[in-house]
Amino acid sequence: HVLTGDDLAVGDRKNMVYAGTAVTYGRGRALVAATGMQTEFGKIAQLLQTVESGKTPLQENLDKVGSVLARAAFVVVALIVALGVLRGQPFIDMLIFGIALAVAVVPEALPAVVTISLAIGVQKMVKRNALIRRLPAVETLGSTSVICSDKTGTLTKDEMTVRIIYHAGQLFCRSGGGYALLQMLTAAVLCSDTQLVPGMDGAGPNWDIKGDPTEGALVVAAAKAGLSKDSLDAEFPRAQEIPFSSETKRMTTLHQTGSGLTAYAKGAPEVILASCINQVTASGVQALDASERERILAAAQEMAGDALRVLAIAAKPDAKLETAAEGMTFLGLAGMIDPPRPEAKAAIALCADAGIRPVMITGDHPLTAEAVARELGLLRNGGRVVTGAELEEMTDEQLGREVEDISVYARVSPSHKLRVVTAWQSRGHIVAMTGDGV
């Protein structure tokens, strides 16, 4: 079976670019395949146009109150008019009295009381840094029983961070004091194009990444260890380079050092290891034998199994451009992830205590989504992970039956998000959606 573009989730399509997305680095050429409403962005707009705006719980309750009052008023008025006529009162007098009584039953002040109450709620929410655009949303938030949240940038920081480094046969976890593995980090920084730039507010220690997020994680890790990219670039200027490509899965740069040109490379572990004949160990540079290669690859696979994006880093002194990709010395592995926000775990626990079910919906890889969900406590009650492809196989009825057992949705599209929310609503839940995803 050959997979077509329609079979693959948007995140799995490797040769497409989409309207509404931002390019972080690189250059390329593309053929326009769709415009306007035919684009993925247009399809989202079309979905939003088809969504019917339902009534809020407050509106439904007010409708019920109105309906009950109307029926009660009709019964009471009919009874009083009938009794008056039976007692010999003129029918027209009793009819006028009944109409006046019916008018009196109508709670004219109710809309004003409800509006004022909601306005006070909006005022209280503003004091807690939450701006409410529609008054009924205040009461609806109080009725929420399920919160569907994006992952990237909402539950996580939206910035790749080096979490684990494998160096000289050992795993090092990141700590507040930075890293002692300066040789490896120096190589990683020199073999990167990403820069640290002052944050938008221009104040304090706020910095932004300009370039690839994965390279940014390496540059930030080096900065925490006291290594400045600007200083390193000035001290060891880049002379030549072999850019990253999807075919080679590596990037190699050559720099002027005191002993001539030194090559630095970073890329997929299996690719970098294939070009290495030595490795740096605690006792110095040693030959890289088959058992050590297997050990390093096993470490890389273990890190990848924990949803880390793994890069290998290597160097070669006295190098030439033609032979830079062979005879290298392996320096180590870096495992990166977009880490959960510290406040997100507490917020999820608070929701659970309040009887609200938090659910993650993301376009990211299932492994990554599951790792973040476990760290945040989203899967502690036995919820399962479902992918967009699996959702496609489910009917709306089947999803409605199983939706309460699913805590994480990965590799989903915007249309899948709509199905998930609709499935929860079909079970009688009030659903909130949070995050920056459309």
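Definitions and cut-offs
- Residues numbered from 1 in each chain as written.
- Predicted model: local features only at pLDDT ≥ 70, side-chain atom pairs only at ≥ 80, totals over all residues.
- Heavy atoms only, no water.
- Pairing = 2+ DSSP bridges.
- Helix = DSSP H or I, 4+ residues; strand = E, 2+ residues; numbered from the N terminus.
- Axes fitted to C-alpha atoms, helices over the stretch in contact; angles between N-to-C directions.
- Core = buried A, V, L, I, M, F, W, Y, C linked by side-chain atoms within 4.5 Å.
- Buried < 20%, exposed > 50% of the residue type's maximum accessible area, 1.4 Å probe, protein only.
- Contact = heavy atoms within 4.5 Å.
- Patch = residues over 30% accessible without salt bridge, like charges linked within 9 Å, V, L, I, M, F, W, Y side chains within 5 Å.
- Areas by Shrake-Rupley, 256 points an atom, 1.4 Å probe, with all protein chains shown as cover.
- Salt bridge = Lys/Arg side-chain N within 4 Å of Asp/Glu carboxyl O.
- Polar contact = N/O pair within 3.5 Å; in protein donor to acceptor, adjacent residues only side chain to side chain.
- 1 Å grid on protein atoms, 1.4 Å probe; cavity = no way out; pocket = protein on both sides within 12 Å on 5 of 7 lines; lining within 4 Å.
- Points joined across faces, edges and corners; volume = space filled by probe spheres on them.
- Nonpolar A, V, L, I, M, F, W, Y, C, P; charged D, E, K, R; others polar.

Student: Can you tell me about the sheet that holds strand β14 (residues 384–387), naming the residues and giving the values?
Tutor: Pairing is parallel in the open sheet, where 5 strands are placed in the order β14-β15-β13-β1-β16. The sheet terminates laterally at β14 and β16 (431–434), the two strands that pair on one side only. Ignoring which end each strand starts from, the neighbouring axes of this sheet average 25° apart. Two strands pair when backbone bridges link them, and strand β1 (residues 146–149) and β16 are joined in this way by 4 bridges, in the parallel orientation.

Student: Tell me about the nonpolar core, residues and numbers included.
Tutor: If you look at the biggest cluster of nonpolar residues, it comprises 37 residues, and the most contacted ones within it are Phe330, Leu333 and Met360. Discounting chain neighbours no more than four positions away, the residues touching Phe330 are Tyr166, Leu273, Cys276, Asn278, Gln279, Val280, Ile296, Ala312, Ile313 and Ala314.

Student: An account of a nonpolar patch on the surface is needed here, citing residue identities and associated values.
Tutor: A cluster of nonpolar side chains, namely Val85, Phe91, Ile92, Leu95, Ile96, Ile99 and Val103, defines an oily patch on the protein surface of about 630 Å² accessible area. Ranked by the residues each element gives to the nonpolar patch, the list is headed by helix α3 (residues 91–105), at 6 residues.

Student: Got a sec to walk through the environment of Ser145? Specific residues and values, please.
Tutor: Mapping Ser145 onto the fold places it in the loop between α5 (136–143) and β1. For the pair Ser145 and Glu397, spaced 252 residues apart in the sequence, the C-alpha separation amounts to 21 Å. Among all residues touching Ser145, those that are not within four sequence positions of it are Gly355, Ile356, Arg357, His429 and Ile430. Of note is the side chain of Ser145, whose polar atom sits 3.0 Å from the side chain of His429.

Student: How would you summarise the pattern of salt bridges if you had to cite specific residues and measurements?
Tutor: Close approach of charged atoms allows side chains with opposite charge to pair. A complete count under the given rule lists 16 salt bridges for this structure. The closest approach of N and O atoms between Arg384 and Glu402, which form a salt bridge, is 3.1 Å. Here Arg384 is found in strand β14, whereas its partner Glu402 is found in helix α14 (residues 396–402), with 18 residues between them in sequence. We classify Arg384 as partly exposed; its relative accessible area is 35%. Where salt bridges share partners, they join Arg13, Glu40 and Lys43 into one cluster.

Student: An account of the layout of surface pockets is requested, with residue identities and associated values reported.
Tutor: Estimated volume of the second largest pocket: approximately 2,000 Å³. If you go around the second largest pocket, you meet 44 residues; those closest to its centre are Thr140, Gln425, Val431, Ala432 and Met433. Secondary structure elements with two or more residues in the lining of the second largest pocket: α1 (40–50), α2 (57–86), α5, α11 (342–353), α15 (414–426) and β16. When residues of the lining of the second largest pocket are assigned to their parent elements, the largest contribution, 6 residues, is made by α15. Here the lining of the second largest pocket is composed, by residue class, of 23 nonpolar, 12 polar and 9 charged.

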